[in-house]
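Report on the structure
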Amino acid sequence: MTRLSPYARAKPRPTGSRREVAIWYLMRITGVMLFVLALAHFSIYHFIWDPAEQTAEFIITQRWNQLFWRGYTWLMLMTVLFHGWLGMRTVILDYVHRPRLRTGILWSLYVVGLVLLVIGTQVIVAAPLPE
Amino acid sequence: MSRVPTLLRYRGREGMLAWAFHRISGVGIFAFVVLHVIDIYLVGGDPELYDEVLEFYASLPGRLMEVVLGAALLYHALNGLRIIILDLWPAMTVYHRALWWGTWIIFIGVGVPGALIIMRPVWLPWLQAAGLA
C-alpha cells in the first residue's frame, strides 16, 4: 500500500463497521451520479433556458410532459437527498458531541429529508400527463 | 490564540483548504436543495406563488445568488472528483498539488463563462445599445 500524504483524502475509508464502509462507497457513487445529474440540471436551466422563462406552466407543459425528464428529476431528487443526508450526518457527527443534542439534530435531519422526499415525489408524480 | 479560527491557525495547506471548502459548499448546497424542493413543490401546490418566487430567481439579487450557488456546486463537484481519484488510485497522491491547481483551472475556465451567461440581463442591453449584439 502506497504511503499517503496526510493532505490527500477527505475522509479515509473507515475500517471495522460494515455500515460505515458501505456509506463511504455510496457517498462516492452518488457523488459521481450527481456530477452528471446536478451539473447538467444546473446548466440546462441556466445556460440553455433562462430562469425568467421557467414558470409553473413551462415546467408542466415543456418539461414534465416528458416521462424522461420526470424520471431524471426524480432520480436526481433521490440521489441528492441520499448524498445530502449522509453528508450532513457526517458534519453533525463531527461537530455535535453532546449525546442528546446530537440525537435531536440527527432526528430533525431525518425528518427534513423524509418531508422533502415525500413532497418532491408527490409534485413529480401528481403532475398531469399529456393527452 | 483560541480566538483565531482553526482554518487560519493550523497550517494544513492545500488539502485542508480543499476539505474546508468542500464542507462549506456542501452545507450551502444542502440548504439550497431544501429551499428548491419546497419551491418546486409549489408548481403543483400553488402555481401562482411559484411564479412569484420565480420572479425573485430571475431578478438581479436572485441571479447573484445563482452564481454563488453555481460556484459552490462546481467546486464541490470538481473537488469531489479529485477526492475519488485519490481514493481509487492512491499513487496519484504524488500529484495531489497538481490536482488541486487543476481543480481551480477548470473552476475558473467553466465558472467565469457560466457566471457571465447567468448575468446576461446585466450586460446584454449595454452591448445591444453599443450596437455590438
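Rules and cut-offs
- Residues numbered from 1 in each chain as written.
- Chains lettered and ligands numbered in written order.
- Predicted model: local features only at pLDDT ≥ 70, side-chain atom pairs only at ≥ 80, totals over all residues.
- Helix = DSSP H or I, 4+ residues; strand = E, 2+ residues; numbered from the N terminus.
- Rg over C-alpha atoms; globule rule 2.2 N^0.38 Å.
- Buried ≥ 20, exposed ≤ 12 C-beta atoms within 10 Å, placed from the backbone.
- Contact = placed C-beta atoms within 7 Å.
- Axes fitted to C-alpha atoms, helices over the stretch in contact; angles between N-to-C directions.
- Parallel < 35°, antiparallel > 145°, perpendicular 65-115°, else oblique.
- Left-handed = near helix turned anticlockwise from the far one by under 90°.
- Expected span 1.5 Å × (residues − 1).
- Bend = angle between axes of the 7 residues up to and from the residue.
- Core = buried A, V, L, I, M, F, W, Y, C linked by C-beta atoms within 7 Å.
- Nonpolar A, V, L, I, M, F, W, Y, C, P; charged D, E, K, R; others polar.
- pLDDT = per-residue confidence, 0-100.

**A few points about the overall build of chain B**
The helix and strand inventory of chain B stands at six helices and zero strands. Starting at the N terminus, the α and β elements of chain B follow one another as α-α-α-α-α-α. Its C-alpha radius of gyration of 19 Å places chain B more than 25% over the 14 Å reference for a compact globule of 133 residues. Counting all 133 residues of chain B, 23% fall into the buried class. Within chain B, residue pairs in contact and separated by at least 24 positions form 65% of the contacts whose partners lie at least 6 positions apart.

**Here we look at the overall build of chain A**
On a plain count of helices and strands, chain A comes out with four helices and zero strands. Along chain A, helices (α) and strands (β) appear in the sequence α-α-α-α when read from the amino end. For 131 residues, the compact-globule estimate of 2.2 N^0.38 gives 14 Å, and chain A exceeds it by more than 25% at 19 Å. Reported as C-alpha extents along the three principal axes, the dimensions of chain A are approximately 55 × 40 × 25 Å. Counting across all 131 residues of chain A, residues that qualify as buried make up 13%.

**What about the packing of helix H1 (residues 18-48) of chain A against helix H4 (residues 60-88) of chain B?**
Across the interface, H1 of chain A lies against H4 of chain B with an axial gap of 10 Å and an inter-helix angle of 150°. Classified by the angle their axes make, H1 of chain A and H4 of chain B are roughly antiparallel. Our pair here, H1 of chain A against H4 of chain B, has a crossing hand that is left-handed. Along its contact with H1 of chain A, which presents Arg-28, Gly-31, Val-32, Phe-35, Ala-38, Leu-39, Phe-42 and His-46 of chain A, the element H4 of chain B presents Glu-66, Gly-70, Leu-73, Ala-77, Gly-80, Leu-81, Ile-84 and Asp-87 of chain B.

**Quick look at helix H5 (residues 96-118) of chain B**
In a regular helix each residue adds 1.5 Å, so 23 residues correspond to 33 Å; H5 of chain B covers 32 Å between its end C-alpha atoms and thus fits that length. Gly-111 of chain B marks the point of greatest bend in H5 of chain B, at about 25°, and the proline Pro-113 of chain B comes within the next four residues. Looking at the buried side of H5 of chain B, the elements it contacts are H1 of chain A together with helix H2 (13-45) and H4 of chain B.

**Quick notes on the nonpolar core**
Grouped together as the largest cluster of nonpolar side chains are 13 residues, with contacts concentrated most on Ala-38, Val-80 and Leu-81 of chain A together with Leu-73, Leu-74, Ala-77 and Leu-78 of chain B. The element best represented in this core is H4 of chain B, accounting for five residues. Of all hydrophobic cores here, the second largest spans eight residues; its members include Ile-59 and Trp-64 of chain A together with Val-43 and Tyr-50 of chain B.

**Some remarks on the interface of chain A and chain B**
Of the residues lining the interface, 35 residues belong to chain A; the matching set on chain B comes to 39 residues. Sort the elements by how many residues they give to the side of chain A that touches chain B and H1 of chain A lands first, with nine residues. For the side of chain A that touches chain B, the residue count by class is 24 nonpolar, nine polar and two charged.

**Comments concerning H1 of chain A**
An ideal rise of 1.5 Å per residue puts 45 Å on 31 residues; H1 of chain A measures up with 43 Å between its terminal C-alpha atoms. At Leu-34 of chain A, H1 of chain A shows its maximal bend, which comes to roughly 35°. Within the span of H1 of chain A, buried status applies to Thr-30, Leu-34 and Ala-38 of chain A. Elements in contact with the buried residues of H1 of chain A: helix H3 (67-95) of chain A together with H4 of chain B.

**Quick notes on the packing of helix H4 (residues 99-126) of chain A against H2 of chain B**
Relative orientation of the contacting elements H4 of chain A and H2 of chain B amounts to 30°, with a least axis distance of 9 Å. As for the relative orientation of H4 of chain A and H2 of chain B, their crossing is left-handed in sense. On H2 of chain B, the residues touching Val-112, Leu-116, Ile-119, Gly-120, Val-123 and Ala-126 of chain A of H4 of chain A are Val-34, Val-37, Ile-40, Tyr-41, Val-43 and Gly-44 of chain B.

**What to know about the confidence of the model for chain B**
Across chain B, pLDDT averages 90, with 91% of residues at or above 70. Predicted complex, confidence summary: ipTM 0.88, pTM 0.88.

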